[in-house]
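One letter stands for each residue in the lines below.
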Amino acid sequence: MKLLSDSDALAVATNYLQFRPGNGQSVPITFMKRKLKVGLFGIGLDTYWPQFKGLKPRLEGYVRVVEQKLSRPDVEVVNLGLIDNPVKALEAGHQFRMADVDIIFLHVTTYALSSTVLPVVQRAKVPVIILNLAPEAAIDYASFNRMGDRTAMTGEWLAHCAACPVPEIANVFQRAGVDFHQITGMLHDDPVCARELDAWIGAARVAHTMFHNRLGLMGHYYCGMLDIYSDTTLQCATFGGHLEIVEVDELAALRREVSAKAIKDRVAHFKRVFDVQSDCSAAELNRAARTSVALDRLVQEHDLGSLAYYYMGTGNADNEDAISSIILGNSLLTARGVPVAGEYEVKNAQAMKIMDTFGVGGSFTEYYAMDFKDDVVLMGHDGPGHLKIAEGKTKVRPLTVYHGKVGRGLSVEMSVKHGPVTCLSVVETTDGKLKLLMAEGESVPGPIMEIGNTNSRYRFSLGARKFVEQWNLHGPAHHCAVGVGHIADKLQKLAALLGIEAVKVC
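Rules behind the numbers
Residues numbered from 1 in each chain as written. Predicted model: local features only at pLDDT ≥ 70, side-chain atom pairs only at ≥ 80, totals over all residues. Heavy atoms only, no water. Helix = DSSP H or I, 4+ residues; strand = E, 2+ residues; numbered from the N terminus. Buried < 20%, exposed > 50% of the residue type's maximum accessible area, 1.4 Å probe, protein only. Contact = heavy atoms within 4.5 Å. Areas by Shrake-Rupley, 256 points an atom, 1.4 Å probe, with all protein chains shown as cover. Lys, Arg positive; Asp, Glu negative; His and termini not counted. Charge placed at Lys NZ, Arg CZ, Asp CG, Glu CD. Pairing = 2+ DSSP bridges. Axes fitted to C-alpha atoms, helices over the stretch in contact; angles between N-to-C directions. Patch = residues over 30% accessible without salt bridge, like charges linked within 9 Å, V, L, I, M, F, W, Y side chains within 5 Å. Salt bridge = Lys/Arg side-chain N within 4 Å of Asp/Glu carboxyl O. Polar contact = N/O pair within 3.5 Å; in protein donor to acceptor, adjacent residues only side chain to side chain. Parallel < 35°, antiparallel > 145°, perpendicular 65-115°, else oblique. Left-handed = near helix turned anticlockwise from the far one by under 90°. Nonpolar A, V, L, I, M, F, W, Y, C, P; charged D, E, K, R; others polar. Right-handed = clockwise from strand over helix to strand, strands pointing away.

1. Concerning the overall build of the protein
- When helices and strands are tallied, the protein shows 17 helices and 21 strands.
- In terms of principal-axis extent, the alpha carbons of the protein reach across some 90 × 65 × 45 Å.
- Counting the 506 residues in the protein, one finds 54% classified as buried.
- Nonlocal contacts in the protein, meaning residues at least 24 apart in sequence, comprise 78% of its contacts between residues at least 6 apart.
- Total accessible area computed for the protein in this model is approximately 22300 Å², and 53% of it derives from carbon and sulfur atoms.
- Where the 52 positive side-chain charges of the protein centre and where its 56 negative ones centre are 3 Å apart.

2. Re the sheet that holds strand β5 (residues 103-108)
- Taken in spatial order, the five strands line up as β4-β3-β5-β6-β7 in an open sheet, and their pairing is parallel. In this open sheet, the two strands that pair with only one neighbour each are β4 (75-83) and β7 (180-186). Neighbouring strand axes in the sheet, compared pairwise and without regard to direction, differ in orientation by 20 degrees on average.
- Both strand β3 (residues 36-43) and β4 contribute to a ladder of seven bridges, which runs parallel. Within β4, the residue paired with Leu36 across the bridge is Val75.

3. Describing a nonpolar patch on the surface
- Together, Tyr368, Met449 and Ile451 make up an exposed nonpolar region whose accessible area comes to about 250 Å².
- Note on placement: Ile451 falls in the loop between β18 (434-444) and β19 (454-460).

4. Digging into the side chain of Lys37
- The topology assignment puts Lys37 in strand β3.
- Within polar-contact distance, the side chain of Lys37 engages the backbone oxygen of Ala99 at 3.0 Å.

5. Some words on the sheet that holds strand β10 (residues 275-276)
- The strand order β10-β15-β16 describes an open sheet built from three strands, whose pairing is mixed. Strands with a single pairing partner mark the edges of an open sheet, and in this sheet they are β10 and β16 (409-413).
- Relative to β16, strand β15 (residues 395-399) runs antiparallel, the two being bridged by five bridges. Across the sheet, the residue bridging to Lys395 is Glu413, located in β16.
- In the packing of helix α12 (residues 282-302) onto the sheet, the strands contacted are β10 and β16, and the crossing angle to β16 comes to about 80 degrees.

6. Observations concerning the packing of helix α2 (residues 55-70) against helix α6 (residues 150-159)
- Two elements in contact, α2 and α6, have axes separated by 10 Å at closest approach and are oriented at 15 degrees. Between α2 and α6, the crossing angle belongs to the class labelled roughly parallel. Handedness of the α2/α6 crossing: right-handed. Mapping the contact onto sequence places Leu55, Arg58, Leu59 and Tyr62 in α2 and Gly155, Glu156, Leu158 and Ala159 in α6.
- Looking at the contact of α2 with α6 residue by residue, the class counts come to five nonpolar, one polar and two charged.

7. Structural notes on the pairing of strand β8 (residues 214-219)
- Here β8 lies mainly inside the structure; five of its six residues are buried.
- Sheet topology places β8 next to strand β9 (residues 242-246); five bridges connect them, and they run parallel. Opposite Gly216, over in β9, you have Glu244 as the bridge partner.
- Regarding topology, helix α9 (residues 232-239) serves as the crossover connection from β8 to the parallel β9, and that connection is right-handed.

Structural data, given as structure tokens:
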């Protein structure tokens, strides 16, 4: 483990704000990327070591096995080994805090005093996962009882005694106000435990990403769309991260600097990535390409990890030109990990970033009609789509009018891949908190409206009627993020790490 020296930290802070030539305005263009840090420690009781030969190294081996299970290329595991007395526990808490771990896995190897656990987590102040993992599926009772030496038998028993102190630890954690979670099973060959470990690390990774994310806010709310108005301070208080306000005027200015070659190259890229329909004019493709290149630069200069936008642009030709040609560029950004939410839907930009960080997409959507004949809900939206989760190649179509908005231009038409899906909404509650609302369903084939928007048919286990009623009951905004696969269990773990409510409709 390597910590930043004072000089390194100063260099990072100094390099963080750079100056764009010509306007004297400081703009962040470098943000230090950090790995997820996972803390690990095992527990035991030092009184046992002189009594039972070989027990300590055996338990230390268990902890090394867990370290291997936690290891990932983008994860740094801070393994403090076996903590076996209160003095070591206090020091371990300081070490975890200095290491800036995001989450701690506590592997219970044998009986240990709760006093060897509480100081660690109290000082570290991060979520704790208790690992109650037996070294074998069952004790070989016959072999055990043939050992003859009762001291050796007791040592063998202690090597299988992981479950014993968990109630004590849980009791003390509850009385001390320490939030904790559990994985119970086997150290080896247990796919259930493997999935749980992976899900907790995935949730911790998302929480870590959200805390370091820079969400751009460009423009303003759609006038009168009261459900999407949100408390942006609450977003930072819940998820962390930074909200960077950017100007549409800056995007318009960047568009004027885009070269003819860059436009030509981006149009060629459009034709490779999208299924560009024959009625898309060269002029509109060039206009969208200019905006796409400018958007990339805007995102780079502000180091944005996501973006929420909306702007009328009426009365300013440059701004209207930029906003009305933004959809293809936004779709490309969304596909490469910078999700873009239209209509200035900040909450849904967060939901999309969560889904994308889990690796399942996170396309901007809303439900807008119901098919009672087929018992499906029709969902989609105008504006950007997530190309990586499209069923086939995303089409580009020209629209002579953007319904409810200013201008005309090119739009995208796609359906989400057929198969399991999860919908996520970040909901602002009446008591001033956030919660995660989710539903698992299936994207199914069938006819859609070919109107130049994202458009999919979803079937839910509750049926269309009950799904809509149950979803509405929780008061979400009318937008949500949809991703491929069923990941409600991971989203629930993320909510647990954030300390917020999670509701699964189906």
